[in-house]
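# A closer look at the structure
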Amino acid sequence: QVQLVESGGGLVQPGGSLRLSCAVSRTFFRINAMGWYRQAPGKQRELVAILTTGGSTNYTDSVKGRFTISRDNTKNTLYLQMSSLKPEDTAVYYCNVETSGWRGQKYNYWGQGTQVTVSS
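The following paragraphs examine the structure supplied in this document. (Residues numbered from 1 in each chain as written. Predicted model: local features only at pLDDT ≥ 70, side-chain atom pairs only at ≥ 80, totals over all residues. Heavy atoms only, no water.)

## Comments concerning the layout of surface pockets
Quick reminder of the rule: Using only the protein atoms, space was sampled on a 1 Å grid; points where a 1.4 Å probe fits but cannot get out form cavities, open sets with protein on both sides within 12 Å along at least five of seven lines form pockets, and lining residues are those with an atom within 4 Å of a point. Grid points are joined across faces, edges and corners, and a volume is the space filled by probe spheres set on the points. Per the convention used, a helix needs a DSSP run of H or I reaching at least four residues, while a strand needs a run of E reaching at least two, with both numbered from the N terminus. Ten residue types, Ala, Val, Leu, Ile, Met, Phe, Trp, Tyr, Cys and Pro, are classed as nonpolar, four, Asp, Glu, Lys and Arg, as charged, and the remainder, Gly among them, as polar.
Here the largest pocket defines a volume of roughly 280 Å³. What lines the largest pocket is a set of 15 residues, among which Ile-31, Met-34, Arg-71, Asn-73 and Asn-76 lie closest to the centre. Of all the secondary-structure elements, those providing two or more residues to the lining of the largest pocket are strand 4 (31–39), strand 5 (46–52) and strand 7 (67–72). With three residues, strand 4 is the largest single contributor of residues to the lining of the largest pocket. Considering only residue class, the lining of the largest pocket consists of six nonpolar, six polar and three charged. Considered as a void within the structure, the second largest pocket measures approximately 160 Å³ in volume. What lines the second largest pocket is Arg-38, Gln-39, Ala-40, Lys-43, Gln-44, Glu-46, Pro-87, Glu-88, Thr-90 and Ala-91. For the lining of the second largest pocket, the class distribution of residues is three nonpolar, three polar and four charged.

## Looking at the state of the cysteines
Rule in force here: Disulfide assignment relies on a single distance test, namely cysteine sulfur atoms paired within 2.5 Å. Think of it in three bands: with a 1.4 Å probe and only protein chains considered, a residue is buried below 20% of the maximum accessible area for its type, exposed above 50%, and partly exposed in between.
What the rule picks out here adds up to one disulfide. One disulfide in the model links Cys-22 with Cys-95; its S-S distance is 2.1 Å. Note on the Cys-22 and Cys-95 pair: the S-S dihedral is about -80 degrees, so by sign convention the disulfide is left-handed. Of this pair, Cys-22 sits in strand 3 (residues 18–24) while Cys-95 sits in strand 9 (residues 91–100), and the two are 73 residues apart along the sequence. Pair check on accessibility: Cys-22 and Cys-95 agree, each one buried.

## As for the environment of Ala-91
Selection rule: Residues are treated as being in contact if the distance between any of their heavy atoms lies within 4.5 Å.
Relative to the helices and strands, Ala-91 is located in strand 9. Each C-alpha atom, one on Ala-91 and one on Asp-72, is 24 Å from the other, the two residues being 19 residues apart in sequence. Contact partners of Ala-91, with chain neighbours within four places excluded, come to Arg-38, Gln-39, Ala-40, Thr-114, Gln-115 and Val-116.

## With respect to the environment of Arg-38
This is how it is decided: Polar contacts, as used here, are pairs of N or O atoms within 3.5 Å; protein pairs need one atom able to donate a hydrogen and one able to accept it. Residues neighboring in sequence count only if both atoms are side-chain atoms.
Of note, Arg-38 is situated in strand 4. Separated by 10 residues in the primary sequence, Arg-38 and Val-48 have C-alpha atoms spaced 6.7 Å apart. If we skip the residues at most four places from it in the chain, Arg-38 touches Gln-44, Arg-45, Glu-46, Val-48, Ser-62, Val-63, Phe-67, Glu-88, Asp-89, Ala-91, Val-92 and Tyr-93. At 3.0 Å, the side chain of Arg-38 forms a polar contact with the side chain of Asp-89.

Shown next, in the form of structure tokens:
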């Protein structure tokens, strides 16, 4: 059952830009936050950017000033605009939604990932 679907990845040259999209295919009881993570081969998955329901954002230091996280509620879509891309940004990027159930329990949902490759 796929509930989050990422798209927009691909091959781009250093200094280029890409916009990733995450389409949410279901309605959650409560969304606490949405975010983007990435994982390079042989490395730990890391948080890239997070957006709370209240609209606050946070970014890992390595992408500050280059990446922007946003959402379009009318389209049920989360975005990650990536600019000034560097080879070290190469990774599989995953969309994540943190939710709370009706009893307050928390759950995380993940997309299938989209590959971003930055290379000449």
